[in-house]
Amino acid sequence: LPEPIVVVGLGADGPASLSQEARATVETATVLAGGVRHLAFFPDHPALRIPLTAPLADAFQRLAAAREEGARVVVLASGDPNFFGVAEPLRRHFGAEAVRVLPHLASIQLAAARLGLPWQDFVFLSAHGRPLGPVAQRARAARRSAILTDDVHTPAAVGAALLAAGMPAETEVHLCERLGTDEERIRTLPLAGLPTTEADSLNLLLIVQDGTSGGFPIAFAQGVEAFQHTRGRITKPAVRALSLGQLHLRPFGVLWDVGAGSGSLAIEAALIAPLAAIFAVERDPEEVALLKENIGRHGTANVEVVAGEAPEALAALPAPDAVFVGGHGGRLIDILRTVLDRLKPGGRLVATFATLENAVGAGAHLQSAGLVPEVTLLSVASGRAGPGGTRLRGENPVYVLTAEKGGS
Ligand SMILES: C[S@@+](CC[C@H](N)C(=O)[O-])C[C@H]1O[C@@H](n2cnc3c(N)ncnc32)[C@H](O)[C@@H]1O
């Protein structure tokens, strides 16, 4: 059997940081792989050198060939290779049993030690080669977060994204550069200053929201003015509130919003469950444009727009834990059939109807499929205090139908 690949984590001072075991492992390697910076720490090592540069797959193929010929492969990496590091891509390529890790300290541990903070309650995020939207969405929901950056998603770019996502300008930021080296520097500044701050490319950002007013609001049942919408179409706040409750959202589950329109329901679900995978299905191109604008405005990167008509557009989506049907365009029964077929056991369906006939038709179909639907008629009036008193305006009543698929 080929020898396992050993991934050795290095501190900033290179070989001096190695444990006895790690040192012996590196010394007996016949192939040394790693970043150019890591390989440079061992200029006199006799091993064959394989730089790990993108695309990684090419370098991995060379490692595989060397292993087949009996090489002892050591991959050099920074800190803990299991912290946003090379260990996971190696396991994916070679299998878990082929990879051993000898970690050094993760950058977050060094930063926490310098700042006198415990690191267990940080949320760990990486903007390295990844879109900023999900990073900003998750950071604003976390009391403390640590964010890795890269040359494109610099601390300045991350700072701008956090501000755009609604994080308060006074949020405390620790910009940690060249941790563990002689040039180590830690600057503490308000988030407002980050977009104009230059940083060394070796850095880690810590975002601490302790002093702010409790984090980003999990607003739901927001007024219709919170969304760009077509009048008369958007799901009204009280209907949205009941529907969101009845969906029993799962923190990292899958939700479909069928006939998503402005996306108000999908977006509020995303504010409640930022780790859920939410698919907003909409056939009307004008509504799709509003939907995209609203997702941007609310910073809910975990809502994916599916521009197309249900039920066909549902075929490629992952099986849902919950489905909201807010529009059907005359294809109600087709849509319900597909939804009941794809819904996971124990999954929840919530559908809203403006007409008695559709509510009855949907209820009958669900019953014939063996479900026990419940219905609520929501008849809401609301108003705002004015000079002549508070006048209430009635909304059209809406049927909210809920059912749970058996077999959980
Ligand atoms: C009443 S609106 C939904 C409102 C939405 N929940 C909101 O808050 O903005 C119904 C939407 O469903 C869309 N729709 C109707 N039939 C559809 C279908 N078969 N597939 C995809 N979208 C559909 C319509 O274009 C419309 O935008």
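Note that the structure is a prediction, hence the values are computed from the model and not measured.

**Here's the deal with the packing of helix α8 (residues 237-246) against helix α9 (residues 264-272)**
Phase 1 of the analysis: Two numbers describe how α8 lies on α9: the axes approach to 10 Å, and their chain directions differ by 50 degrees. Overall, the two elements α8 and α9 adopt an arrangement that is oblique. Crossing of α8 over α9 shows right-handed handedness. From α8, Arg 240, Ser 243 and Leu 244 reach across to α9, where they touch Ser 264, Leu 265, Glu 268, Ala 269 and Ile 272.
Phase 2 of the analysis: Of the residues belonging to the contact of α8 with α9, the class tally is 4 nonpolar, 2 polar and 2 charged.

**Here's the deal with the pattern of salt bridges**
Phase 1 of the analysis: Inspection of the entire model under this criterion finds 22 salt bridges.
Phase 2 of the analysis: Measuring nitrogen to oxygen at the nearest pair gives 3.7 Å for the salt bridge that ties Asp 121 to Arg 144. Here Arg 144 lies in strand β7 (residues 144-148) and Asp 121 lies in the loop between α5 (107-115) and β6 (123-126), a separation of 23 residues in the sequence.
Phase 3 of the analysis: Judged by its relative accessible area of 33%, Asp 121 is partly exposed.
Phase 4 of the analysis: Its relative accessible area of 10% is what places Arg 144 among the buried residues.
Phase 5 of the analysis: With its nearest N and O atoms 3.2 Å apart, the salt bridge here joins Asp 321 to Lys 344. You can see Asp 321 sitting in the loop between β13 (303-307) and β14 (322-325) and its partner Lys 344 sitting in the loop between α11 (332-342) and β15 (348-353), a full 23 residues away along the chain.

**Observations concerning the site of the ligand**
Phase 1 of the analysis: Around the ligand sit 21 residues, and of these Thr 235, Ser 262, Ser 264, Glu 282 and Ala 310 come closest.
Phase 2 of the analysis: Take Arg 233: an N or O atom from its side chain is 3.1 Å from an oxygen atom of the ligand.
Phase 3 of the analysis: Between the ligand and Thr 235, the relevant distance is 2.8 Å, taken from a nitrogen atom to a side-chain nitrogen or oxygen of the residue.
Phase 4 of the analysis: Of the residues assigned to the shell around the ligand, the class counts are 4 nonpolar, 11 polar and 6 charged.

**Structural notes on helix α3 (residues 56-68)**
Phase 1 of the analysis: End to end, α3 covers 18 Å across 13 residues, agreeing with the expected 18 Å (1.5 Å per residue, within 8%).
Phase 2 of the analysis: Within α3 the residues assigned to the buried category are Ala 59, Phe 60, Leu 63, Ala 66 and Arg 67. All buried residues of α3 lie within an arc of 120 degrees about the axis, which places them on one face of the element. Across from the buried face of α3, at angles greater than 90 degrees, the exposed residues are Gln 61 and Glu 68.
Phase 3 of the analysis: Next to the buried residues of α3 lie β1 (5-10), β2 (31-34), β3 (48-51), β4 (73-78) and α4 (87-94).
Phase 4 of the analysis: Positive backbone phi, at 90 degrees, marks Gly 70, one or two positions downstream of α3.

**Some thoughts on the pairing of β13**
On a regular strand, each side chain points to the face opposite its neighbour's, so the side chains alternate between the two faces of the sheet.
Phase 1 of the analysis: Note that strand β12 (residues 277-282) and β13 share 5 bridges and pair parallel. Note on β13: the bridge partner recorded for Ile 278 is Val 303.
Phase 2 of the analysis: You can see the chain leave β12, run along helix α10 (residues 285-298) and come back into β13, and the turn it takes is right-handed.

**Observations concerning unusual backbone geometry**
Phase 1 of the analysis: Omega for the peptide link from Ala 54 to Pro 55 comes to -5 degrees, which places this bond in the cis form.
Phase 2 of the analysis: The phi dihedral of Arg 178 is positive, around 45 degrees, even though this residue is not glycine.
Phase 3 of the analysis: According to the relative accessible area criterion, Arg 178 is partly exposed, its value standing at 26%.
Phase 4 of the analysis: At His 248, a position not held by glycine, the phi torsion is positive, near 50 degrees.
Phase 5 of the analysis: Tracing the chain through its elements places His 248 in the loop between α8 and β11 (254-258).

**Brief notes about α11**
Phase 1 of the analysis: Looking only at α11, the buried set comprises Leu 332, Ile 335, Leu 336, Val 339 and Leu 340. Take α11 and look down its axis: the buried residues cluster within an arc of 125 degrees, on one side only.
Phase 2 of the analysis: Residues of α11 that are buried make contact with β11, β14, β15 and α12 (356-368).

**Quick notes on empty space enclosed by the protein**
Phase 1 of the analysis: Taken as a whole, this structure holds 1 cavity of 30 Å³ or more when the rule is applied.
Phase 2 of the analysis: Approximately 70 Å³ is the volume attributed to the largest cavity.
Phase 3 of the analysis: Along the walls of the largest cavity sit 13 residues, with Leu 249, Arg 250, Gly 253, Val 254 and Leu 255 positioned nearest its centre.

**Considerations on the nonpolar core**
In a soluble, globular protein the nonpolar side chains are often hidden away together inside.
Phase 1 of the analysis: In terms of nonpolar packing, the biggest core is built from 27 residues, with Trp 256, Val 258, Leu 314, Val 323 and Leu 349 touching the most fellow members.
Phase 2 of the analysis: In this structure, Ala 226, Val 239, Ala 260 and Leu 291 belong to the second largest nonpolar core, which totals 26 residues.

**Focus on the packing of helix α6 (residues 132-140) against helix α7 (residues 155-164)**
Phase 1 of the analysis: Packing of α6 against α7 brings their axes to within 9 Å, and their N-to-C directions diverge by 60 degrees. With respect to α7, the axis of α6 lies oblique. Viewed along their axes, α6 and α7 form a crossing whose handedness is right-handed. Of the residues in α7, those in contact with Leu 132, Ala 136 and Ala 139 of α6 are Ala 157, Val 158, Ala 161 and Leu 162.
Phase 2 of the analysis: For the contact of α6 with α7, the class distribution of residues is 7 nonpolar, no polar and no charged.

About the thresholds
Residues numbered from 1 in each chain as written. Predicted model: local features only at pLDDT ≥ 70, side-chain atom pairs only at ≥ 80, totals over all residues. Heavy atoms only, no water. Axes fitted to C-alpha atoms, helices over the stretch in contact; angles between N-to-C directions. Helix = DSSP H or I, 4+ residues; strand = E, 2+ residues; numbered from the N terminus. Parallel < 35°, antiparallel > 145°, perpendicular 65-115°, else oblique. Left-handed = near helix turned anticlockwise from the far one by under 90°. Contact = heavy atoms within 4.5 Å. Nonpolar A, V, L, I, M, F, W, Y, C, P; charged D, E, K, R; others polar. Salt bridge = Lys/Arg side-chain N within 4 Å of Asp/Glu carboxyl O. Buried < 20%, exposed > 50% of the residue type's maximum accessible area, 1.4 Å probe, protein only. Near = heavy atom within 4 Å. Polar contact = N/O pair within 3.5 Å; in protein donor to acceptor, adjacent residues only side chain to side chain. Expected span 1.5 Å × (residues − 1). Arc of directions from axis to C-beta. Pairing = 2+ DSSP bridges. Right-handed = clockwise from strand over helix to strand, strands pointing away. 1 Å grid on protein atoms, 1.4 Å probe; cavity = no way out; pocket = protein on both sides within 12 Å on 5 of 7 lines; lining within 4 Å. Points joined across faces, edges and corners; volume = space filled by probe spheres on them. Core = buried A, V, L, I, M, F, W, Y, C linked by side-chain atoms within 4.5 Å.

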